[in-house]
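Here's the letter readout for the chains.
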Amino acid sequence: MRLNSPNRMLAAAALVAASAVAVSGQYQLTVTQDRLINAQNEPQNWLLMNGDYGSQRYSKLTQINRDNVDRLRMVWALALGGMQDTGGNGPENENNPLVDNGFLYTSDGWGTVYKIDARNPDYGEFVWITDPGVDHETNRSRTRGIALWEDKVLQNLQDGRVLAIHRDDGEILWDVEVAGFNEFGARERFLTAPLVADGKVLVQNGAGDGGTRGWVAALDVDTGEELWRWYTVPEPGQPGSETWKDDHNAWKTGGGGVWQTGSYDPENHL
C-alpha cells in the first residue's frame, strides 16, 4: 500500500486492514473519451459519478433483483478516514465509488482519495491513499465525488483546489487553486463532483447562497490550466443583464450556484 499523506488523517482501522498490493497485475486500459461516451455498455463498471454522460444513474446489471435482494449481506469492509473535525453534520461523504475493472476509486470528506483493489470476492485492499492536506480549521468535511480520465483521478477540494492524481501510484500530477473569495470576502465552494469531457475538467462554484456568483470553469486535464469560465449570472452588458438592474450590483452576489454535476452531450458538445 502506498500512503501519500502529509497529515496522516486515516482511521486506525484503515491502516490495520491495508496490506501490500502488487500493482503489476492491474488492468491497464485507461478511461478514454470513447469509454465514457459508451459507459452504459460496461455495466460491470461505473466510470462516472452519475453513471453516464446523460446522468441516468441506471445500471444494466441483473444479478441483484427483486427475487434475491433480501439475501444481500456484507462480505467485506474497509474503514476510510475523514472522520476528524467533521462537526455536527458528520463527514458529508455524499458520493459513490467509481469502478473500473475491479478497482474502486473514492474519496472521504476531507478530500483524501483511495484506490481499492476489489477483485478478490472475500476482501478488499488499499492500493494507494492520497491526502492533499485540506486545512480542517477553515473548511468543512464534504465530498460529492471524483472523476476518471485516462490515467488520472480528478478531485475538487473544499479549499478551492482542483487536482489530478495518477491512478496507478497515487502521485499528485498537478494541483491548482480555482475557487477563492470574491471581492466581498465570500467563499466560493465546490459542491459537485468534477466532470471530464473532451479533455476538459468541468468544475463549478456552488456557494450561491453564500453571497457568491455561480460559475462553471473548464481546466485542461493534462495541466490544470483554466481554459474558460462561464458565469450563471450575467454582468452588465451581457444577455439577460437587464433583469439585474439595481443600485447595488446584486449580480456580483446574486447566487446562481451550481448544485448538481452536469450532463454532457458529446454529439453537440453541450
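Scroll up a little and you will see the structure.
As a starting point, this report considers the structure included with it.

Parameters and conventions
- Residues numbered from 1 in each chain as written.
- Predicted model: local features only at pLDDT ≥ 70, side-chain atom pairs only at ≥ 80, totals over all residues.
- Heavy atoms only, no water.
- Pairing = 2+ DSSP bridges.
- Helix = DSSP H or I, 4+ residues; strand = E, 2+ residues; numbered from the N terminus.
- Axes fitted to C-alpha atoms, helices over the stretch in contact; angles between N-to-C directions.
- 1 Å grid on protein atoms, 1.4 Å probe; cavity = no way out; pocket = protein on both sides within 12 Å on 5 of 7 lines; lining within 4 Å.
- Points joined across faces, edges and corners; volume = space filled by probe spheres on them.
- Nonpolar A, V, L, I, M, F, W, Y, C, P; charged D, E, K, R; others polar.
- Phe/Tyr/Trp six-rings, centres within 6.5 Å; stacked < 30°, edge-to-face > 60°.
- Buried < 20%, exposed > 50% of the residue type's maximum accessible area, 1.4 Å probe, protein only.
- Lys NZ or Arg CZ within 6 Å of the ring centre and 35° of its normal.

## Describing the sheet that holds strand β7 (residues 152-156)
Across the sheet, which stays open at both edges, the 4 strands sit in the order β6-β7-β8-β9 with antiparallel pairing between neighbours. Each edge of the open sheet carries a strand with a single partner, namely β6 (147-149) and β9 (172-177). Averaged over all adjacent pairs, the angle separating strand axes in this sheet is 20°, with direction ignored. Sheet topology places β7 next to strand β8 (residues 161-166); 5 bridges connect them, and they run antiparallel. Paired with Leu154 across the two strands is Ala164, which belongs to β8.

## Observations regarding unusual backbone geometry
Residues other than glycine seldom take positive phi values, yet Arg57 does so here, at roughly 55°. Mapping Arg57 onto the fold places it in the loop between α2 (33-37) and β2 (98-100). One non-glycine residue, Asp198, lies in positive phi territory at about 55°. Among the structural elements, Asp198 can be located in the loop between β10 (195-197) and β11 (200-205).

## Concerning empty space enclosed by the protein
For the coordinates displayed, the defined rule picks out 5 cavities of 30 Å³ or more. Volume-wise, the largest cavity comes out at about 90 Å³. The wall of the largest cavity is formed by 15 residues, among which Leu48, Met49, Ala147, Pro194 and Leu195 lie closest to the centre. Where the lining of the largest cavity is concerned, the elements lending two or more residues are β6 and β10. Residue composition of the lining of the largest cavity, by class: 10 nonpolar, 4 polar and 1 charged.

## Topic: the packing of aromatic side chains
A full pass over the atoms with the stated rule returns 3 aromatic pairs. Ring centres of Tyr53 and Tyr264 lie 5.0 Å apart, and the angle between their planes is 75°; on these two criteria the pair is classed as edge-to-face. A residue pair is termed long-range when its members are at least 10 positions apart, and Tyr53 in the loop between α2 and β2 and Tyr264 in the segment after β13 (226-231) qualify at 211 residues. Assigned by exposure class, Tyr53 and Tyr264 land together as buried. Ring plane angle 90° and centroid distance 6.2 Å describe the contact between Phe190 and Trp215, whose orientation is recorded as edge-to-face. Placement of Phe190 in the loop between β9 and β10 and of Trp215 in strand β12 (residues 215-220) is noted, with a sequence separation of 25 residues between them. Judged by its relative accessible area of 7%, Phe190 falls in the buried class. The exposure class assigned to Trp215 is buried, which follows from its relative accessible area of 0%. The ring of Trp259 carries the charged tip of Arg144 above its face, separated from the ring centre by 5.0 Å. Between the NZ or CZ atom of Arg229 and the centre of the ring of Trp215, over which it lies, the distance is 3.9 Å.

In short, geometric facts, not functional conclusions.
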